[in-house]
Amino acid sequence: MNNTPSKAQDTMPQSEVTRLGGLFSWQSIIFVILCVTGVTVGAAYIFGATWDNQPLLEGQYYWIFIGCFTAAAYIALPATPRHKKVPIYDIVAAIIALTVSFYFSAHAWEMVQTGWTHHILGTVIALLMLELARRSGGFPFLLVVLVLGIYPLVADMLPGLLMGIPYEFDRMMAAHVFRAEGMMGITTKIVAEITLGFLVFAGVLLATGAGQFFIDLANAGFGRYRGGPAKVSVVASAFFGSLSGSVFSNIAGTGSITIPAMKKAGYPPHYAGAIEACASMGGVVMPPVMGAIAFVMAITIGVDYATILIAAIIPSLLFYFGLLLQVDAYAARTGMKGVPQSQLPSARRVLKRGWPYLLVMIFLVWGLLYMRWEYYAPWYASLLMIALSFLQRDTWMTPKKTYETARQIGVLVTQTAAIILPIAFVVSALTITGVTGSLTSGLVGMGGGNIYLVLLFGILACFIMGMAGLAIVAYIFLAVTLAPAIIEVGGLNKIAVHFFIVYYAMVSAITPPVGAAAFLAGTIAGAKPMQTSFMAMRLGVVIYFVPLFFLFQPSLVLQGDLMPLTYLLPSIVAGIMLICAGFEGWLLGVGRVRTLLRLPLAAAGFAFSFPGLMTSVLGGIISVVLVAMVWLDNRGQGAPIAVK
């Protein structure tokens, strides 16, 4: 490899880079104290603990949480990735954030009862949040938060769809910082209540070695097959990404192991990087845990998390099915072999060592789906994992291991809070100006009432918003602007529409010209970032069209009448096989596809899999003819020739 870890770190978003130093460095100790305080108060609030027979008010807890994790972010997240030490101005910023937030917490009751505000200190908090936005998401994210955050000041001066109710600076700041429209509303609730337990659970799993377990398990199950290391990357990253909820942590965590293994097996560097980027991206919407977006969806739509989890199953499995097919096709076309059995871990030994992780995952799903514990389920699962860790000597929760776990949890929560908390200004601005309604009607008007045109504008909006910031930013914005327009014009299922937005907002992570996930994976692989990004587009082709399928057939997200699945799933699976064969030049079970047939085969596969009677019938007929031609080609040639 011609890259270094520092190069990979420089490519990562700043929210994924920390400067905590050694385990017991002064900044690490302060960071852990802040995070443990925030998480402990969070657990007490979520479980309804009382102090002097009085429960903690929502506003009191929110400000304690904001203070602890904003201060922790200024300790952990550098102003630039190359800043390794904590400068005095970051220490001052952390102290100010903590002090002001605790002061606001003391006045939480007055905020609710009398509308108490403090404009000067509120402005200070707002400025600290803007800098946090820059550190967590870079200048594009800061630009989104800043421009939309100050939009109420000029809302009446803008033309057409952008015109809204204007606000003076003091009133705007009061709404942004002190009211339920802003920091005391949905964004803080998402990170401080909805996702907190899941982040604690993910931190406990990662600290006890779950990441390595899933890599070993995938190796034991798939390593011996052709292209084994790439299949291991896909499976391991799916599970690891679901646990961590972060594309970039996933790539940095599993990619450092799987990418060199893929290169050693014969995959080109850009191909290995693209596989890891796609697999890590899909893990964010892969049950059973999923990323923060899933919890945001649940609270935005007004359903429980179990509903989102169930709805995500089929689309995520279809995506990974397509990715595995392409990986296998490349291995078959180039004559790759699997890893010798002697070099692979024993499945029995892996399960013997790692069964506690599987038990805990099953327990979590049971708690979410059957017991309906929701917020409480991950906390219970974390306690179970800690208890099970004492069954094996190398996972004991010793004092040092407990401290490491606390730091791991702190990093996950701090990174998530640094990204989500500043979005409060965007949500507040869109809400108080009343512009969301005009944007919705505007999108409907631009589409002329035609659902396909509205969807086209929607896809472009998802992609552009995804490039401008982060997928979660795009979703929150489009959930209140685009989603109502699509539902109004097409009368489509609400959950399907929201998943449609999430999927198309995600694709910017692998799509040029931004493709941040592909760029990071390419850097680790020692490949050209843009080449890796284009390859990731090809490998992740399924994620570009599956949202259209479940949008028009909500049974694919397990909504409404499920009978169509009996004929839809077989046609979609067959269609994906044909699409992947067209892209990779190898049809599973048949053989090599000559160049002239590849594009027609992919197009026929898309038509066959699209949930419409005419397109499916026509695509099916053409697919049968093309598959017959591929079969005759390979029969005439005898054994398929492996071609580089």
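Look up a bit, the structure's there.
Attention in this report is confined to the structure presented alongside it. Quick caveat, the model's predicted, so the values are computed rather than measured.

### Some details on the overall build of the protein
Here's step 1: Summing up its helical and strand segments, the protein has 30 helices and 4 strands in all.
Here's step 2: Expected size for 644 residues packed as a compact globule is a radius of gyration near 26 Å; at 25 Å, the protein falls within 12% of this value.
Here's step 3: The dimensions of the protein, computed from C-alpha atoms along their principal axes, are 85 × 65 × 45 Å.
Here's step 4: Taken across its 644 residues, the protein has 58% of its residues classed as buried.
Here's step 5: Within the protein, contacts between residues at least 6 apart in sequence are counted, and of these 75% link residues at least 24 apart.
Here's step 6: Only carbon and sulfur atoms are counted for the fraction: they give 69% of the accessible area of the protein, which is about 25,000 Å².

### So, the packing of helix α16 (residues 347–369) against helix α17 (residues 377–388)
A packed helix pair is summarised by two numbers, namely the angle formed by the two axes and the spacing between the axes.
Here's step 1: Closest axis-to-axis distance for the α16/α17 pair is 9 Å, and the angle between their directions is 160°. Here α17 runs roughly antiparallel to α16, going by the angle between their axes. Crossing hand, α16 versus α17: right-handed. In this structure, α16 uses Trp355, Pro356, Tyr357, Leu359, Val360, Phe363, Leu364, Gly367 and Leu368 to contact α17, whose residues at the interface are Ala377, Pro378, Tyr380, Ala381, Leu384, Met385 and Leu388.
Here's step 2: For the contact of α16 with α17, the per-class residue count stands at 15 nonpolar, 1 polar and no charged.

### Points about empty space enclosed by the protein
Here's step 1: For the coordinates displayed, the defined rule picks out 2 cavities of 30 Å³ or more.
Here's step 2: Lining the largest cavity we find Leu325, Asp328, Ala329, Met577, Cys580, Ala581, Trp586, Leu587 and Leu588.
Here's step 3: Going through the elements one at a time, α15 (305–333), α28 (565–584) and β3 (586–587) are the ones with two or more residues in the lining of the largest cavity.
Here's step 4: Across the lining of the largest cavity, the residue classes tally to 8 nonpolar, no polar and 1 charged.
Here's step 5: Volume-wise, the second largest cavity comes out at about 40 Å³.
Here's step 6: Thr208, Arg353, Pro356, Tyr357, Met385, Leu388, Ser389, Gln392 and Thr395 are the residues that line the second largest cavity.
Here's step 7: When residues of the lining of the second largest cavity are traced back to their parent elements, those giving at least two are α16 and α17.

### Remarks on the pattern of salt bridges
Here's step 1: Summed over all chains, the structure comprises 11 salt bridges.
Here's step 2: In this structure, Arg135 and Asp90 form a salt bridge, with 2.6 Å as the shortest nitrogen-oxygen distance. Placement of the pair is Arg135 in helix α6 (residues 119–149) and Asp90 in helix α4 (residues 88–106), with a sequence separation of 45 residues. As far as burial versus exposure is concerned, Arg135 and Asp90 are alike and both buried.
Here's step 3: With a shortest N-O distance of 2.7 Å, Asp216 and Arg353 are connected by a salt bridge. In this pair, Asp216 sits in helix α10 (residues 210–222) while Arg353 sits in helix α16, placing the two residues 137 residues apart along the sequence.
Here's step 4: Under the relative-accessibility criterion, Asp216 is labelled buried at 15%.
Here's step 5: Through salt bridges with shared partners, a single network forms among Arg19, Asp90, Glu131, Arg134 and Arg135.

### Points about the side chain of Ser316
Here's step 1: Structurally, the position occupied by Ser316 is in helix α15.
Here's step 2: A residue is classified by how much of its surface remains accessible, and Ser316, at 2% relative accessible area, is buried.
Here's step 3: Separated by 2.9 Å, the side chain of Ser316 and the backbone oxygen of Ala312 make a polar contact.
Here's step 4: Residue contacts for Ser316: discarding those within four places in its chain leaves Val285, Met286, Pro287 and Tyr503.

### Quick look at the state of the cysteines
Here's step 1: Under the defined criterion, the tally for this structure stands at 0 disulfides.
Here's step 2: No disulfide involves Cys35; its sulfur sits 8.2 Å from that of Cys68, the nearest cysteine.
Here's step 3: Looking at Cys35, the relative accessible area reads 2%, which means it is buried.
Here's step 4: Looking at Cys68, the relative accessible area reads 2%, which means it is buried.

### Remarks on α15
Here's step 1: End to end, α15 covers 42 Å across 29 residues, agreeing with the expected 42 Å (1.5 Å per residue, within 8%).
Here's step 2: Taken as a whole, α15 carries its principal kink of about 35° at Ile313; the proline Pro315 stands between one and four residues after it.
Here's step 3: Within α15, 23 of the 29 residues are buried, which leaves it mostly tucked inside the rest of the structure.
Here's step 4: After α15 finishes, the residue Gly335 shows a positive phi value of roughly 75°.

### Comments concerning the nonpolar core
One broad rule of soluble globular proteins: the nonpolar side chains tend to lie buried together.
Here's step 1: Counting 202 residues, the largest nonpolar core has Met183 and Tyr267 as its most contacted members.
Here's step 2: Among the nonpolar cores identified, the runner-up in size contains 9 residues, and Leu578, Leu587, Ala604 and Val630 belong to it.

### Remarks on the packing of helix α2 (residues 26–46) against helix α18 (residues 399–420)
Here's step 1: It is the contact of α2 with α18, at a shortest axis distance of 9 Å, that shows an interaxial angle of 75°. Accordingly, the angle class assigned to the pair α2 and α18 is roughly perpendicular. Contacts from Ser28, Ile29, Phe31, Val32, Cys35, Val36 and Val39 of α2 reach α18 at Tyr403, Ala406, Arg407, Ile409, Gly410, Val411 and Thr414.
Here's step 2: Of the residues in the contact of α2 with α18, the class split is 10 nonpolar, 3 polar and 1 charged.

### Some details on helix α19 (residues 423–432)
Here's step 1: Counting buried residues along α19, 9 of its 10 residues qualify, which places the element largely inside the surrounding structure.
Here's step 2: Within α19, burial applies to Ile423, Ala424, Phe425, Val426, Val427, Ser428, Ala429, Leu430 and Ile432.
Here's step 3: Gly434 sits one or two residues past α19 and shows a positive phi near 70°.

### Quick look at the packing of aromatic side chains
Here's step 1: Inspection of every chain in the model, using the stated rule, returns 37 aromatic pairs.
Here's step 2: Centre to centre, the rings of Phe104 and Trp116 are 5.9 Å apart; their planes meet at 75°, and the pair counts as edge-to-face. Pair noted here: Phe104 is in helix α4 and Trp116 is in the loop between α5 (108–114) and α6, with a separation of 12 residues, a long-range link. Here Phe104 and Trp116 have matching classes, each one buried.
Here's step 3: Relative to Tyr503, the ring of Phe499 has its centre 6.5 Å away and its plane inclined at 55°; by these criteria the two rings are tilted. With a gap of 4 residues between them, Phe499 and Tyr503 both fall in helix α24 (residues 494–506), about one helical turn apart. The pair Phe499 / Tyr503 is uniform in exposure class, with both members buried.

Criteria and thresholds
Residues numbered from 1 in each chain as written. Predicted model: local features only at pLDDT ≥ 70, side-chain atom pairs only at ≥ 80, totals over all residues. Heavy atoms only, no water. Helix = DSSP H or I, 4+ residues; strand = E, 2+ residues; numbered from the N terminus. Rg over C-alpha atoms; globule rule 2.2 N^0.38 Å. Buried < 20%, exposed > 50% of the residue type's maximum accessible area, 1.4 Å probe, protein only. Contact = heavy atoms within 4.5 Å. Areas by Shrake-Rupley, 256 points an atom, 1.4 Å probe, with all protein chains shown as cover. Axes fitted to C-alpha atoms, helices over the stretch in contact; angles between N-to-C directions. Parallel < 35°, antiparallel > 145°, perpendicular 65-115°, else oblique. Left-handed = near helix turned anticlockwise from the far one by under 90°. Nonpolar A, V, L, I, M, F, W, Y, C, P; charged D, E, K, R; others polar. 1 Å grid on protein atoms, 1.4 Å probe; cavity = no way out; pocket = protein on both sides within 12 Å on 5 of 7 lines; lining within 4 Å. Points joined across faces, edges and corners; volume = space filled by probe spheres on them. Salt bridge = Lys/Arg side-chain N within 4 Å of Asp/Glu carboxyl O. Polar contact = N/O pair within 3.5 Å; in protein donor to acceptor, adjacent residues only side chain to side chain. Disulfide = S-S within 2.5 Å. Expected span 1.5 Å × (residues − 1). Bend = angle between axes of the 7 residues up to and from the residue. Core = buried A, V, L, I, M, F, W, Y, C linked by side-chain atoms within 4.5 Å. Phe/Tyr/Trp six-rings, centres within 6.5 Å; stacked < 30°, edge-to-face > 60°.

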